[in-house]
Amino acid sequence: MISIVAPGGYSSSSCGYCSPAGERSTEDTFRIYASCTALQLSCAVYQQMIDRNWRRSGTWCYRPDLKRSCCPLYTIKLDVSEFKPSKSQRKLVNRWNRFVMNGADEDVAMDPRCVVDLHQRIVERPTLYHSQPARAKGKKAAEFIWPAAIHASEQAFAEEPVHDFQVELEPSSYTQEKFDLYRRYQEDIHNDHKDNPSGFKRFLVSSPLRPEPIPYMHEPPAHLPKQYGSYHQLYRLDGKLIAMSIVDILPSCVSSVYFVYDKSWENYSMGKLSALREISLAREIREAGVTSMGYLYLGYYVHSCQKMRYKGEYSPSYLADPITYGWYPLDQCKKVLDKNRYACFSIPEACTNEPAPSEGRETILAIPHWP
Ligand SMILES: [Zn+2]
(Lines give C-alpha, C1' and ligand atoms only; values in the text may rest on other atoms or scores of the structure.)
Protein backbone atom coordinates (compact mmCIF):
# COMPACT_ATOMS: atom_id res chain seq x y z
CA MET A 1 0.00 0.00 0.00
CA ILE A 2 1.52 3.30 -1.14
CA SER A 3 0.72 6.42 0.86
CA ILE A 4 0.44 9.69 -1.07
CA VAL A 5 0.31 13.19 0.43
CA ALA A 6 0.44 16.70 -0.99
CA PRO A 7 2.51 18.90 1.36
CA GLY A 8 0.70 22.04 2.50
CA GLY A 9 3.58 23.95 4.13
CA TYR A 10 3.27 25.91 7.35
CA SER A 11 0.25 27.96 8.34
CA SER A 12 -0.96 29.80 11.40
CA SER A 13 -4.39 30.42 12.82
CA SER A 14 -5.84 32.10 15.88
CA CYS A 15 -6.25 29.81 18.87
CA GLY A 16 -9.66 28.82 20.15
CA TYR A 17 -8.37 27.24 23.36
CA CYS A 18 -7.30 30.28 25.35
CA SER A 19 -9.91 32.80 24.18
CA PRO A 20 -12.49 33.63 26.86
CA ALA A 21 -15.71 31.67 26.43
CA GLY A 22 -18.09 33.35 24.02
CA GLU A 23 -15.41 35.66 22.59
CA ARG A 24 -13.69 35.37 19.28
CA SER A 25 -10.03 34.49 19.42
CA THR A 26 -7.69 37.42 18.88
CA GLU A 27 -4.51 37.86 16.88
CA ASP A 28 -2.45 37.55 20.06
CA THR A 29 -3.40 33.92 20.35
CA PHE A 30 -2.13 31.71 17.62
CA ARG A 31 -1.11 28.26 16.60
CA ILE A 32 1.39 27.35 13.96
CA TYR A 33 1.24 24.03 12.22
CA ALA A 34 2.56 22.06 9.30
CA SER A 35 -0.05 20.48 7.07
CA CYS A 36 -0.61 18.19 4.14
CA THR A 37 -3.54 16.79 2.22
CA ALA A 38 -3.48 13.01 2.18
CA LEU A 39 -4.69 11.40 -1.04
CA GLN A 40 -4.34 7.95 0.47
CA LEU A 41 -2.67 6.59 3.59
CA SER A 42 -2.00 3.10 4.78
CA CYS A 43 -3.16 2.61 8.36
CA ALA A 44 0.43 1.79 9.39
CA VAL A 45 1.73 5.09 7.99
CA TYR A 46 -1.02 7.07 9.69
CA GLN A 47 -0.18 5.26 12.95
CA GLN A 48 3.38 6.55 12.58
CA MET A 49 2.09 10.04 11.84
CA ILE A 50 -0.08 10.28 14.94
CA ASP A 51 2.85 8.98 16.98
CA ARG A 52 4.69 12.09 15.73
CA ASN A 53 1.96 14.52 16.76
CA TRP A 54 -0.02 14.59 13.49
CA ARG A 55 -3.81 14.40 13.36
CA ARG A 56 -6.26 14.26 10.51
CA SER A 57 -9.44 16.18 9.87
CA GLY A 58 -10.97 14.43 6.87
CA THR A 59 -8.08 14.13 4.42
CA TRP A 60 -6.35 17.23 5.75
CA CYS A 61 -3.50 16.37 8.15
CA TYR A 62 -1.69 18.80 10.44
CA ARG A 63 0.99 18.89 13.06
CA PRO A 64 1.10 21.79 15.52
CA ASP A 65 4.39 23.52 16.29
CA LEU A 66 4.22 23.36 20.06
CA LYS A 67 6.98 25.80 20.84
CA ARG A 68 5.48 28.51 18.65
CA SER A 69 1.85 28.17 19.74
CA CYS A 70 0.21 29.87 22.71
CA CYS A 71 -1.47 26.59 23.71
CA PRO A 72 0.79 23.62 22.92
CA LEU A 73 -1.11 20.52 21.79
CA TYR A 74 0.34 17.24 23.06
CA THR A 75 -0.73 13.88 21.67
CA ILE A 76 -2.24 11.84 24.52
CA LYS A 77 -2.67 8.08 24.63
CA LEU A 78 -4.20 5.76 27.18
CA ASP A 79 -2.94 2.24 27.90
CA VAL A 80 -6.15 0.20 27.54
CA SER A 81 -4.75 -2.97 29.13
CA GLU A 82 -3.82 -1.17 32.33
CA PHE A 83 -6.90 1.05 32.43
CA LYS A 84 -9.24 0.54 35.34
CA PRO A 85 -12.43 2.58 35.41
CA SER A 86 -12.68 4.98 38.33
CA LYS A 87 -15.63 4.90 40.68
CA SER A 88 -17.35 7.75 38.83
CA GLN A 89 -16.73 6.07 35.46
CA ARG A 90 -18.24 2.82 36.74
CA LYS A 91 -21.23 4.77 37.99
CA LEU A 92 -21.81 6.31 34.55
CA VAL A 93 -21.83 2.90 32.87
CA ASN A 94 -24.07 1.38 35.55
CA ARG A 95 -26.49 4.29 35.36
CA TRP A 96 -26.89 4.00 31.60
CA ASN A 97 -27.28 0.22 31.84
CA ARG A 98 -29.94 0.58 34.52
CA PHE A 99 -31.85 3.02 32.38
CA VAL A 100 -31.80 0.71 29.35
CA MET A 101 -32.55 -2.43 31.35
CA ASN A 102 -35.13 -1.12 33.77
CA GLY A 103 -36.54 1.98 32.15
CA ALA A 104 -36.52 4.52 34.92
CA ASP A 105 -33.23 5.87 36.20
CA GLU A 106 -33.67 4.31 39.59
CA ASP A 107 -31.02 2.91 41.83
CA VAL A 108 -31.58 -0.74 41.00
CA ALA A 109 -28.41 -2.71 40.50
CA MET A 110 -27.85 -4.93 37.48
CA ASP A 111 -27.99 -8.57 38.37
CA PRO A 112 -24.28 -9.37 38.81
CA ARG A 113 -24.80 -12.90 37.48
CA CYS A 114 -25.76 -11.48 34.06
CA VAL A 115 -22.56 -9.46 33.81
CA VAL A 116 -20.41 -12.40 34.83
CA ASP A 117 -22.09 -14.58 32.21
CA LEU A 118 -21.70 -11.86 29.57
CA HIS A 119 -18.05 -11.53 30.42
CA GLN A 120 -17.50 -15.21 29.72
CA ARG A 121 -19.45 -15.11 26.48
CA ILE A 122 -17.85 -12.13 24.78
CA VAL A 123 -14.60 -11.20 26.40
CA GLU A 124 -12.94 -13.94 28.28
CA ARG A 125 -10.34 -15.85 26.29
CA PRO A 126 -8.98 -18.48 28.62
CA THR A 127 -5.55 -18.54 27.00
CA LEU A 128 -5.09 -14.80 26.69
CA TYR A 129 -7.19 -13.12 29.27
CA HIS A 130 -6.78 -13.81 32.93
CA SER A 131 -9.52 -12.03 34.75
CA GLN A 132 -9.43 -11.57 38.45
CA PRO A 133 -12.39 -13.34 40.01
CA ALA A 134 -14.80 -10.92 41.60
CA ARG A 135 -13.51 -10.09 45.02
CA ALA A 136 -15.58 -11.49 47.83
CA LYS A 137 -16.17 -8.12 49.36
CA GLY A 138 -19.89 -8.34 48.82
CA LYS A 139 -22.23 -7.56 45.99
CA LYS A 140 -20.75 -4.22 44.92
CA ALA A 141 -17.43 -5.76 43.89
CA ALA A 142 -19.12 -8.40 41.74
CA GLU A 143 -21.35 -5.98 39.88
CA PHE A 144 -18.84 -4.37 37.60
CA ILE A 145 -16.69 -6.47 35.33
CA TRP A 146 -14.66 -4.44 32.91
CA PRO A 147 -15.02 -4.27 29.95
CA ALA A 148 -18.05 -6.62 29.75
CA ALA A 149 -20.20 -4.08 31.62
CA ILE A 150 -19.95 -1.73 28.63
CA HIS A 151 -22.06 -4.18 26.57
CA ALA A 152 -24.40 -5.30 29.33
CA SER A 153 -27.44 -3.34 28.15
CA GLU A 154 -27.01 -3.81 24.38
CA GLN A 155 -29.76 -5.67 22.57
CA ALA A 156 -27.29 -8.30 21.33
CA PHE A 157 -26.21 -9.21 24.86
CA ALA A 158 -28.93 -8.19 27.29
CA GLU A 159 -31.89 -10.28 28.33
CA GLU A 160 -35.25 -8.53 28.15
CA PRO A 161 -34.15 -4.91 28.42
CA VAL A 162 -36.93 -2.31 28.60
CA HIS A 163 -35.27 -0.26 25.85
CA ASP A 164 -33.75 -1.49 22.63
CA PHE A 165 -30.14 -0.20 22.72
CA GLN A 166 -27.88 -1.12 19.81
CA VAL A 167 -24.34 -0.06 18.99
CA GLU A 168 -22.93 -0.79 15.57
CA LEU A 169 -19.61 -0.05 13.98
CA GLU A 170 -19.64 0.64 10.24
CA PRO A 171 -17.10 2.05 7.78
CA SER A 172 -17.53 5.82 7.63
CA SER A 173 -20.18 6.85 5.11
CA TYR A 174 -22.67 9.66 4.62
CA THR A 175 -26.34 9.31 5.49
CA GLN A 176 -29.01 11.94 6.03
CA GLU A 177 -29.69 10.47 9.48
CA LYS A 178 -26.08 11.03 10.57
CA PHE A 179 -26.04 14.56 9.20
CA ASP A 180 -29.31 15.38 10.98
CA LEU A 181 -27.77 14.26 14.29
CA TYR A 182 -24.60 16.28 13.58
CA ARG A 183 -26.62 19.37 12.67
CA ARG A 184 -28.70 19.15 15.86
CA TYR A 185 -25.54 18.63 17.92
CA GLN A 186 -23.90 21.74 16.42
CA GLU A 187 -27.01 23.81 17.05
CA ASP A 188 -27.81 22.57 20.55
CA ILE A 189 -24.29 22.23 21.96
CA HIS A 190 -22.21 24.76 19.99
CA ASN A 191 -24.92 27.18 18.88
CA ASP A 192 -23.67 26.81 15.32
CA HIS A 193 -25.96 26.37 12.33
CA LYS A 194 -24.92 23.86 9.72
CA ASP A 195 -27.46 23.56 6.94
CA ASN A 196 -25.04 22.31 4.32
CA PRO A 197 -23.65 18.79 4.72
CA SER A 198 -20.40 19.59 2.84
CA GLY A 199 -18.36 20.36 6.00
CA PHE A 200 -19.66 17.24 7.71
CA LYS A 201 -18.73 15.15 4.68
CA ARG A 202 -15.31 16.77 4.36
CA PHE A 203 -14.20 16.42 7.99
CA LEU A 204 -16.12 13.49 9.44
CA VAL A 205 -16.93 11.21 6.51
CA SER A 206 -14.05 11.40 4.03
CA SER A 207 -10.84 9.69 5.07
CA PRO A 208 -7.52 8.95 3.38
CA LEU A 209 -7.16 5.65 5.28
CA ARG A 210 -7.30 2.53 3.14
CA PRO A 211 -8.89 -0.48 4.89
CA GLU A 212 -6.63 -3.43 5.64
CA PRO A 213 -7.43 -6.74 7.39
CA ILE A 214 -6.87 -6.86 11.14
CA PRO A 215 -4.62 -9.87 11.89
CA TYR A 216 -6.71 -11.59 14.56
CA MET A 217 -5.22 -14.75 15.97
CA HIS A 218 -8.64 -16.39 16.06
CA GLU A 219 -12.15 -15.56 14.89
CA PRO A 220 -13.15 -12.39 16.76
CA PRO A 221 -16.57 -11.82 18.33
CA ALA A 222 -19.07 -10.56 15.74
CA HIS A 223 -19.20 -6.99 17.10
CA LEU A 224 -15.49 -6.36 16.45
CA PRO A 225 -14.29 -4.84 13.13
CA LYS A 226 -12.56 -7.05 10.55
CA GLN A 227 -10.45 -4.26 9.04
CA TYR A 228 -8.36 -1.28 10.12
CA GLY A 229 -9.74 2.00 8.78
CA SER A 230 -12.14 4.88 9.51
CA TYR A 231 -15.43 4.05 11.20
CA HIS A 232 -18.65 5.49 12.53
CA GLN A 233 -19.93 3.91 15.72
CA LEU A 234 -23.69 4.41 15.86
CA TYR A 235 -25.69 4.40 19.08
CA ARG A 236 -29.39 3.64 18.55
CA LEU A 237 -32.00 3.73 21.27
CA ASP A 238 -35.40 2.28 20.33
CA GLY A 239 -34.43 2.65 16.70
CA LYS A 240 -33.40 6.30 16.90
CA LEU A 241 -29.82 7.46 16.31
CA ILE A 242 -28.83 9.22 19.54
CA ALA A 243 -25.04 9.43 19.24
CA MET A 244 -22.16 8.74 16.89
CA SER A 245 -18.41 8.32 17.40
CA ILE A 246 -16.02 8.91 14.56
CA VAL A 247 -12.98 6.69 15.12
CA ASP A 248 -9.95 5.37 13.27
CA ILE A 249 -8.90 1.81 14.01
CA LEU A 250 -5.15 1.51 13.50
CA PRO A 251 -2.48 -1.14 14.17
CA SER A 252 -1.66 0.09 17.70
CA CYS A 253 -4.68 2.09 18.71
CA VAL A 254 -8.23 3.22 18.38
CA SER A 255 -7.99 6.94 17.59
CA SER A 256 -10.96 9.05 18.59
CA VAL A 257 -11.72 11.68 15.96
CA TYR A 258 -15.01 13.28 17.07
CA PHE A 259 -18.23 12.53 18.90
CA VAL A 260 -21.73 13.91 18.42
CA TYR A 261 -24.85 13.19 20.46
CA ASP A 262 -28.44 14.17 20.93
CA LYS A 263 -28.69 16.80 23.67
CA SER A 264 -31.69 15.01 25.22
CA TRP A 265 -29.23 12.46 26.61
CA GLU A 266 -26.55 14.79 27.91
CA ASN A 267 -27.38 13.97 31.53
CA TYR A 268 -25.93 10.55 30.91
CA SER A 269 -22.51 12.05 30.03
CA MET A 270 -22.55 10.51 26.57
CA GLY A 271 -19.06 11.84 25.72
CA LYS A 272 -17.52 10.07 28.71
CA LEU A 273 -19.48 6.90 27.98
CA SER A 274 -18.21 6.94 24.41
CA ALA A 275 -14.58 7.21 25.57
CA LEU A 276 -15.13 4.19 27.85
CA ARG A 277 -16.66 2.29 24.93
CA GLU A 278 -13.65 3.12 22.74
CA ILE A 279 -11.26 1.94 25.48
CA SER A 280 -13.25 -1.28 25.61
CA LEU A 281 -13.11 -1.61 21.79
CA ALA A 282 -9.31 -1.37 21.72
CA ARG A 283 -9.00 -3.80 24.59
CA GLU A 284 -11.34 -6.35 23.04
CA ILE A 285 -9.43 -6.23 19.74
CA ARG A 286 -6.25 -6.87 21.71
CA GLU A 287 -7.86 -9.73 23.60
CA ALA A 288 -8.86 -11.33 20.30
CA GLY A 289 -5.16 -11.81 19.65
CA VAL A 290 -4.02 -8.53 18.05
CA THR A 291 -1.05 -7.97 20.30
CA SER A 292 0.02 -4.70 18.63
CA MET A 293 -3.26 -3.05 19.69
CA GLY A 294 -2.87 -1.33 23.04
CA TYR A 295 -4.05 2.27 23.21
CA LEU A 296 -6.85 4.78 22.86
CA TYR A 297 -5.76 8.13 21.43
CA LEU A 298 -8.02 10.97 22.50
CA GLY A 299 -6.43 13.58 20.24
CA TYR A 300 -4.57 16.47 21.80
CA TYR A 301 -4.20 17.25 25.48
CA VAL A 302 -4.22 21.02 26.08
CA HIS A 303 -3.05 21.75 29.61
CA SER A 304 -3.70 25.49 29.27
CA CYS A 305 -7.38 24.88 28.49
CA GLN A 306 -9.43 23.73 31.47
CA LYS A 307 -12.22 22.24 29.41
CA MET A 308 -9.78 19.98 27.52
CA ARG A 309 -8.25 18.54 30.68
CA TYR A 310 -10.98 15.89 30.87
CA LYS A 311 -8.77 13.86 28.53
CA GLY A 312 -6.46 13.31 31.46
CA GLU A 313 -9.19 11.60 33.51
CA TYR A 314 -8.41 8.21 32.00
CA SER A 315 -5.45 6.51 33.56
CA PRO A 316 -2.71 5.51 32.83
CA SER A 317 -2.20 8.07 30.05
CA TYR A 318 0.98 9.31 28.39
CA LEU A 319 1.97 12.42 26.43
CA ALA A 320 4.29 12.44 23.41
CA ASP A 321 7.44 14.46 23.91
CA PRO A 322 7.55 17.35 21.38
CA ILE A 323 11.17 16.64 20.37
CA THR A 324 11.85 12.90 20.71
CA TYR A 325 8.22 11.67 20.55
CA GLY A 326 8.98 9.37 23.44
CA TRP A 327 6.03 8.78 25.80
CA TYR A 328 5.94 10.23 29.32
CA PRO A 329 3.40 9.49 32.08
CA LEU A 330 0.77 12.20 32.25
CA ASP A 331 1.11 12.79 36.00
CA GLN A 332 4.79 13.52 35.53
CA CYS A 333 4.08 15.78 32.54
CA LYS A 334 1.43 17.78 34.40
CA LYS A 335 3.99 18.93 36.96
CA VAL A 336 6.21 20.28 34.18
CA LEU A 337 3.25 21.83 32.36
CA ASP A 338 2.08 23.58 35.53
CA LYS A 339 5.34 25.53 35.50
CA ASN A 340 5.95 26.04 31.78
CA ARG A 341 3.96 27.23 28.79
CA TYR A 342 6.02 24.96 26.57
CA ALA A 343 7.20 21.75 28.20
CA CYS A 344 9.73 19.35 26.80
CA PHE A 345 9.86 16.18 28.89
CA SER A 346 13.01 14.69 27.36
CA ILE A 347 15.14 17.84 27.63
CA PRO A 348 14.17 19.85 30.73
CA GLU A 349 16.38 22.79 29.66
CA ALA A 350 14.22 23.24 26.57
CA CYS A 351 11.14 24.08 28.70
CA THR A 352 10.13 27.72 28.67
CA ASN A 353 7.57 29.94 30.27
CA GLU A 354 8.10 32.73 27.76
CA PRO A 355 5.09 33.53 25.57
CA ALA A 356 5.22 32.05 22.08
CA PRO A 357 7.28 34.35 19.84
CA SER A 358 5.02 36.22 17.42
CA GLU A 359 7.72 37.28 14.97
CA GLY A 360 8.03 35.15 11.91
CA ARG A 361 4.37 34.42 11.52
CA GLU A 362 4.11 36.55 8.37
CA THR A 363 7.08 34.74 6.87
CA ILE A 364 5.44 31.43 7.58
CA LEU A 365 2.22 32.55 5.96
CA ALA A 366 4.17 33.66 2.89
CA ILE A 367 5.35 30.13 2.12
CA PRO A 368 3.23 29.14 -0.87
CA HIS A 369 1.06 26.08 -0.58
CA TRP A 370 1.82 23.19 -2.84
CA PRO A 371 0.66 22.36 -5.45
ZN1 LIG B 1 -4.08 29.58 22.92
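The rules behind these values
- Residues numbered from 1 in each chain as written.
- Predicted model: local features only at pLDDT ≥ 70, side-chain atom pairs only at ≥ 80, totals over all residues.
- Heavy atoms only, no water.
- Patch = residues over 30% accessible without salt bridge, like charges linked within 9 Å, V, L, I, M, F, W, Y side chains within 5 Å.
- Areas by Shrake-Rupley, 256 points an atom, 1.4 Å probe, with all protein chains shown as cover.
- Salt bridge = Lys/Arg side-chain N within 4 Å of Asp/Glu carboxyl O.
- Helix = DSSP H or I, 4+ residues; strand = E, 2+ residues; numbered from the N terminus.
- Buried < 20%, exposed > 50% of the residue type's maximum accessible area, 1.4 Å probe, protein only.
- Phe/Tyr/Trp six-rings, centres within 6.5 Å; stacked < 30°, edge-to-face > 60°.
- Donors = N, O, S within 2.8 Å, 3.2 Å for Na, K, Ca; no water.
- Tetrahedral: all angles 85-135°; square planar, octahedral: opposite > 155°, others 65-115°.

1. As for a nonpolar patch on the surface
Taken together, Ile2, Ile4 and Leu39 make up a surface patch of nonpolar side chains, about 300 Å² in accessible area. By the element assignment, Ile2 lies in the segment before strand E1 (4–14). The exposed category is assigned to Ile2, whose relative accessible area is 62%.

2. What to know about the packing of aromatic side chains
With the rule as written, the count across this model stands at 27 aromatic pairs. Judged by centre distance (5.5 Å) and plane angle (70°), the rings of Phe83 and Trp146 are edge-to-face. Here the residue Phe83 occupies a position in the loop between strand E5 (74–79) and helix H2 (87–102), and Trp146 occupies one in the loop between helix H4 (139–143) and strand E6 (165–171), the gap between them amounting to 63 residues. Judged by relative accessible area, Trp146 falls into the buried class, the value being 8%.

3. A closer look at the coordination of the zinc ion
Looking at the metal site, the zinc ion is ligated by Cys15 (SG), Cys18 (SG), Cys70 (SG) and Cys71 (SG), spaced 2.3 to 2.4 Å from it. For the zinc ion, the four donor atoms in the first shell make angles of 104 to 122° at the metal, so the coordination geometry reads as tetrahedral. Donor residues for the zinc ion sit on one chain with the sequence pattern C-x2-C-x51-C-C. Considered together, Cys70 and Cys71 belong to a single accessibility category, that of buried residues.

4. What about the pattern of salt bridges?
Taken as a whole and judged by the stated rule, the model has 13 salt bridges. Its salt-bridge partner being Arg184, residue Asp262 comes within 3.6 Å of it at the nearest N-O pair. Of this pair, Asp262 sits in the loop between strand E11 (253–261) and helix H7 (270–287) while Arg184 sits in helix H5 (residues 176–190), and the two are 78 residues apart along the sequence. According to the relative accessible area criterion, Asp262 is buried, its value standing at 6%. You can call Arg184 partly exposed: its relative accessible area is 32%. The closest approach of N and O atoms between Asp192 and Lys194, which form a salt bridge, is 3.3 Å. Each of Glu168, Glu177 and Arg236 takes part in a single network of salt bridges with overlapping partners.

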